[in-house]
Amino acid sequence: MATSTDSPETTHATDSIESHQKEDRRFPPSPTFAGRARVGSHAEYTAMYKTSIEEPEVFWREETEDLVFRTPWKNFSSWELPKARFFEGATLNVTESCLDRHLGSGTRNKAAIVFEGEPGDVRTLTYFELHREVVKMAAILLDLGVKSGDRVAIYMGMVPEAAVAMLACARIGAVHSVVFGGFSAEALRDRINDCGATLVITQDGAWRRGSILPLKQIADAALAQTPQVKHALVVQRIGKTGDTTAHGKPFSCPMTTGRDVFWEDAAKTPSTASLQLARNPHAFDAEHPLFILYTSGSTGKPKGVLHTTAGYLAGAHVTTKYVFDLQEQDLYFCTADIGWVTGHSYIVYGPLSNGASMLMYEGAPNFPEQDRLWDIVERHGVTILYTAPTAIRSFIRWGDDWPNKHDLSSLRLLGSVGEPINPEAWTWYHRVIGGGRCPIVDTWWQTETGSIMATTLPGACYSKPGSCGLPFFGVDLAVVKDHGEPCAPGEGGKLVIKRPWPSMARTLWNDEARYASAYWTVMPDVYFTGDGARMDQDGYLWVVGRIDDVLNVSGHRIGTAEIESALVSHPSVAEAAAVGRPDDLKGQALVVFVTLKGGHAGSPEMKKAITEHIDKEIGKFARPDAIRFTDALPKTRSGKIMRRLLKEVAAGAKAPQGDTSTLEDLSVLAKLSSDEE
Ligand code: WTA
C-alpha cells in the first residue's frame, strides 16, 4: 500500500492542482517542435477550432479526406438528443481506412505493429502482413458462422492478434466487445451474456510479471454459463514460446471438442467463399455498431457503451493525427491495455488509420526490472510515449537511476491519460523522461467520448502542469453549476459538453433509458461527463475528478456500487459501503466498510476471504486497499448510507466535519472513527 512521503514529487493531485493553478507555470512548445508540427501556432489552433465549431461540415469534410468511404456522406449530422447521427448516408468499412488504404503506398511495407513480448521476443507486422492476418481471421469468423451485427467477445492480453481480432470483427460488421484480461471469469461471463456474444476470441495464456495468466482456463469457467456462445477461437501465445510451465506449475490449455478451435489450425483452412468476402468486404452504414465496451457507472451493473462506425473512426483518426502530431518517422508507444478505451482508440483505430508505426508491449513495466519501458524506448527508438499518471508516480518511486541508465533521446513527445496528473509528476515526466525538451499532452476524455476531448496541441499551445488544457476541435466544453448556469473562471462545477460530437457513444447496450438518464439529464440536450472541473481565465480546463459514485483507482474506473454488490454476495457479509480515499500512488485507493452477518467476526482470515471474493467476482485489479469491519454503517434517518462521512473517515478524519444532522445514530460514527484499520 502506498504511504505518504515527504517528497514533494508525490504530493496528492487535487491539493497541488489548486496551488499550481495559482502559480500558473507555462511550458510553451520549443520553436523547433512548433516549426515542424502539424499545428504550429496558437493562432492556427484557434482558427481551426473556430471552423470546427462554426462550420463543422467544412472542418470534417476536410479532415476525413484520408478516410475511405464507399459512399460519401450527404449530411454531417442530425440529432434529437440523446440520439445523434453523424456522416449520414455514408457507407464504409473501417478496416479499409486502417489497412487497405495503406497497401497502395509506401506504408505497405512499414511496420504497423512492433510487438515485444514480456519474455523478450520481438515480432514486427507490416501493414501488408497485418492486412493479411485480418483478412484470414475475418474469413475464419465467417466460417464459424459470425454474421454482421453479431457480437464477439475478445478476452486477450497484449498481443498483435488482439488487434487482429478487433479488426477482423470490424471487417465483417461484427460488433466486438473486448473484456480486459484482468477481469475474472464471473465478470467475463456477465459481459458475454449482457451483449449476447456468440463467439469468444481468447488466447491460451499471457505473460505477466514472469508468470502465465491462463486466459483460456478463465474463459472456460465463464463459458460454462454462457449458453449462446457457439465457439471459442484460441490464439496460442504460450504454446508458441514453447514454455508450458509457469513457476513450476504445469500449464494447460484444455480445448472443448466441437466448440473450441485453435487459431493456428483454423487459419490454415479458411473456405474460399469466406476468404473472397474477407478480401472484398461489405461496406456498412455510418451508424452501424462497431463495438461495445463495458465501463463502470454509478449502479452495480456495468454500462455497455456502444460506439458506431464513421463517427468513432473520424474522432480516433483526427485526434491521433493532431494530438500526437504524428509524423512519418514516428514510433508511437501507448502503454494502455487493449481492454480499455485508450487501447481501442490509441492502439488500434487511431494509429492504424493514420498509417503509424506503433510499439505494443505485452507485460509489466517492472519486469524483469524497473527499467523495462526505458529499455524498450532505447532499443526500439520510440519517439512518442503515451502513459498514465499512476504509472509515472510508480516510476518516480522507483527512482531516477532506472531511466537515467538509458538513452531516451529518441523521445520527442509525451502523453498522459486516465486521471488528473499532479504537477509534481508532470514536472518529473517532463524533466527526467522528456529531458526538458518534449512537450506533454495531458489528454482528458472518457470511454463514452470515444476520443480525446481536451488537451494542448503540442506545437501550438503552452501547457500548464495539472491542466489538461483546451478543447479539441469540434468540442464545446463548459463548466456549469447544478442547474446549468455557467461557472465563473476558476469556479468549480460540473464538466459538460454542449453539443454532440462524431465519436460520442450512441447508447448503452440494451439500456436506452439508462443512457438518457446517466448523461443527458443535468441540462437539456447537454452531455454530462460525471467529472468535476474548473476552467481558468485562459480557458484551460482543470479536471478535479469524478463527482458520481465512480472511483478512479490507478486509472481504472471502478463503480462503488459494483464493489458493494460484489461484497454483499459474500455469504458472511450483511452490508457494505465502498469509498475512495486520496492515495499518492493510485490517485484514489479503495476502502470498504463491511458489517458481517451475526456470528461472523472480523478477522485477518475474513479480510483474506473477502479479498479473494472480489478477485473472483470482478478481478484482482479491483481489490480493496483496506477493509474495515464495523457493527453498523452511518445512515440517514431514511436509511441511506452516508458515504460522504465514510469518505472522511477513510481519509483519516477523527471527527468528520460534514453535516451529521440527518445521521440516525451518532455513536456509529464515533465508533467508526476510533476503529483501527
Ligand atoms: C478521468 C479513460 C483528468 C476522468 C480515457 C474521466 C482524466 C475518466 C483524464 C474516464 C485526464 C481521464 N485528466 N481526468 N487527462 N483522463 N480522466 O472511461 O474522471 O476509463 O471521466 O477513459 O477518467 O475514464 P475512462
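Residues numbered from 1 in each chain as written. Predicted model: local features only at pLDDT ≥ 70, side-chain atom pairs only at ≥ 80, totals over all residues. Heavy atoms only, no water.

Trainee: Tell me about empty space enclosed by the protein, residues and numbers included.
Mentor: Under the criterion given, the structure shown has six cavities of 30 Å³ or more. Taken as a whole, the largest cavity holds about 100 Å³ of empty space. Lining the largest cavity are 15 residues, with Phe183, Ser296, Arg557, Glu562 and Phe621 positioned closest to its centre. Every element with two or more residues in the lining of the largest cavity is listed here: strand 16 (289-295), strand 31 (556-559) and helix 20 (560-568). If one sorts the elements of the lining of the largest cavity by residue count, strand 31 sits on top with three residues. Of the residues that constitute the lining of the largest cavity, the class distribution is nine nonpolar, three polar and three charged. The volume enclosed by the second largest cavity comes to roughly 70 Å³. Its residues assigned to classes, the lining of the second largest cavity comprises eight nonpolar, five polar and no charged. (1 Å grid on protein atoms, 1.4 Å probe; cavity = no way out; pocket = protein on both sides within 12 Å on 5 of 7 lines; lining within 4 Å. Points joined across faces, edges and corners; volume = space filled by probe spheres on them. Helix = DSSP H or I, 4+ residues; strand = E, 2+ residues; numbered from the N terminus. Nonpolar A, V, L, I, M, F, W, Y, C, P; charged D, E, K, R; others polar.)

Trainee: Which residues make up the state of the cysteines, and what are the values?
Mentor: Evaluation of the coordinates by the stated rule reveals zero disulfides. With no disulfide of its own, Cys487 lies 15 Å from the sulfur of Cys468, the closest cysteine sulfur. (Disulfide = S-S within 2.5 Å.)

Trainee: Residues and numbers for the sheet that holds strand 20 (residues 384-387), please.
Mentor: In space, the seven strands of this open sheet follow the order 5-4-19-18-20-21-22, with mixed pairing throughout. Every interior strand has two partners, whereas the edge strands, strand 5 (122-126) and strand 22 (440-443), have only one. Each strand of the sheet is rotated relative to its neighbour by a mean of 20 degrees, with strand direction disregarded. Taken together, the four bridges between strand 4 (residues 111-116) and strand 19 (residues 357-361) define a ladder with parallel strand orientation. Bridge pairing links Phe115 to Met360 in strand 19. Across the sheet, helix 14 (residues 341-353) lies against strand 4, strand 18 (331-334), strand 19, strand 20 and strand 21 (413-417), angled at about 165 degrees from strand 18, the strand it touches most. (Pairing = 2+ DSSP bridges. Axes fitted to C-alpha atoms, helices over the stretch in contact; angles between N-to-C directions. Contact = heavy atoms within 4.5 Å.)

Trainee: Can you break down the domain arrangement of the chain residue by residue, with the values?
Mentor: One can read the domain layout of the chain as domain 1 (3-93 + 310-545), domain 2 (131-282) and domain 3 (550-674). Between domain 2 and domain 3, the C-alpha centre-to-centre distance is 36 Å. Between domain 2 and domain 3, the contact holds seven residues from the first and eight residues from the second. Both faces combined, the contact of domain 2 with domain 3 buries some 510 Å², and carbon together with sulfur accounts for 52% of it. Summed over the shared surface of domain 2 and domain 3, the number is two salt bridges. Between Arg191 and Glu562 there is a salt bridge; the shortest N-O distance is 3.8 Å. Across the domain 2-domain 3 interface, the total number found is four residue pairs in polar contact (both at pLDDT 80 or more). (Domains from an automatic or database assignment. Buried area = accessible area lost by both parts, 1.4 Å probe. Salt bridge = Lys/Arg side-chain N within 4 Å of Asp/Glu carboxyl O. Polar contact = N/O pair within 3.5 Å; in protein donor to acceptor, adjacent residues only side chain to side chain.)

Trainee: So what's going on with the environment of Leu233? Which residues, and what values?
Mentor: As for its position among the elements, Leu233 is in strand 11 (residues 231-235). As a C-alpha pair, Leu233 and Glu62 span 171 residues in sequence and 40 Å in three-dimensional space. In this structure, Leu233 is in contact with Met137, Ile140, Leu141, Leu144, Val200, Ile201, Thr202, Val261, Phe262, Trp263 and Ala266, ignoring residues within four places of it in sequence.

Trainee: Which residues make up the pairing of strand 19, and what values go with them?
Mentor: Most of strand 19 is tucked away: five of the five residues are buried. Residue alternation in strand 19 divides its side chains into two sets, Ser357, Leu359 and Tyr361 and Met358 and Met360, and both sets are buried. As paired elements, strand 18 and strand 19 share three bridges and run parallel to each other. The partner of Phe333 across the bridge, within strand 19, is Leu359. (Buried < 20%, exposed > 50% of the residue type's maximum accessible area, 1.4 Å probe, protein only.)

Trainee: Before we move on, could you go through the pattern of salt bridges and cite the residues and values that matter?
Mentor: Across all of its chains, the model carries 46 salt bridges by this definition. In this structure, Lys616 engages Glu186 in a salt bridge whose closest nitrogen and oxygen atoms are separated by 3.3 Å. Of this pair, Lys616 sits in helix 21 (residues 604-617) while Glu186 sits in helix 8 (residues 185-195), placing them 430 residues apart in sequence. For Lys616, a relative accessible area of 42% puts it in the partly exposed group. For Asp260, the salt bridge goes to Lys216, with nearest N and O atoms at 2.8 Å.

Trainee: Please give an account of the nonpolar core that cites residues and values.
Mentor: Phe87, Leu130, Ile201, Phe324, Ile338 and Tyr349 are the most contacted members of the largest nonpolar core, which totals 127 residues. Looking at which domains feed residues into this core, each of domain 1 (3-93 + 310-545) and domain 2 (131-282) gives three or more. Apart from the residues within four sequence positions on either side, Leu130 is in contact with Leu99, Ala112, Ile113, Leu125, Val164, Leu167 and Leu352. Ranked by size, the runner-up nonpolar core spans 49 residues in total, among them Trp509, Val553, Ala578 and Phe621. (Core = buried A, V, L, I, M, F, W, Y, C linked by side-chain atoms within 4.5 Å.)

Trainee: Describe the environment of Arg85, with residues and values.
Mentor: In this fold, Arg85 is placed in strand 2 (residues 83-88). Overall, the relative accessible area of 37% leaves Arg85 in the partly exposed class. Along the primary structure Arg85 and Gly311 are separated by 226 residues, whereas in three dimensions their C-alpha atoms are 8.3 Å apart. Apart from residues lying up to four places away in sequence, Arg85 is in contact with Phe76, Ser77, Ser78, Asp285 and Glu287. A polar side-chain atom of Arg85 sits 3.1 Å from a polar atom in the side chain of Glu88.

Trainee: Go over the site of the ligand, please, and point to the residues and values.
Mentor: Taken together, 17 residues lie around the ligand, and Asp442, Thr443, Thr447, Asp531 and Arg557 are the ones closest in. Coverage of the ligand by the protein chains reaches 95% of its 520 Å² of free accessible surface. Considering only residue class, the shell around the ligand consists of six nonpolar, six polar and five charged. (Near = heavy atom within 4 Å. Areas by Shrake-Rupley, 256 points an atom, 1.4 Å probe, with all protein chains shown as cover.)

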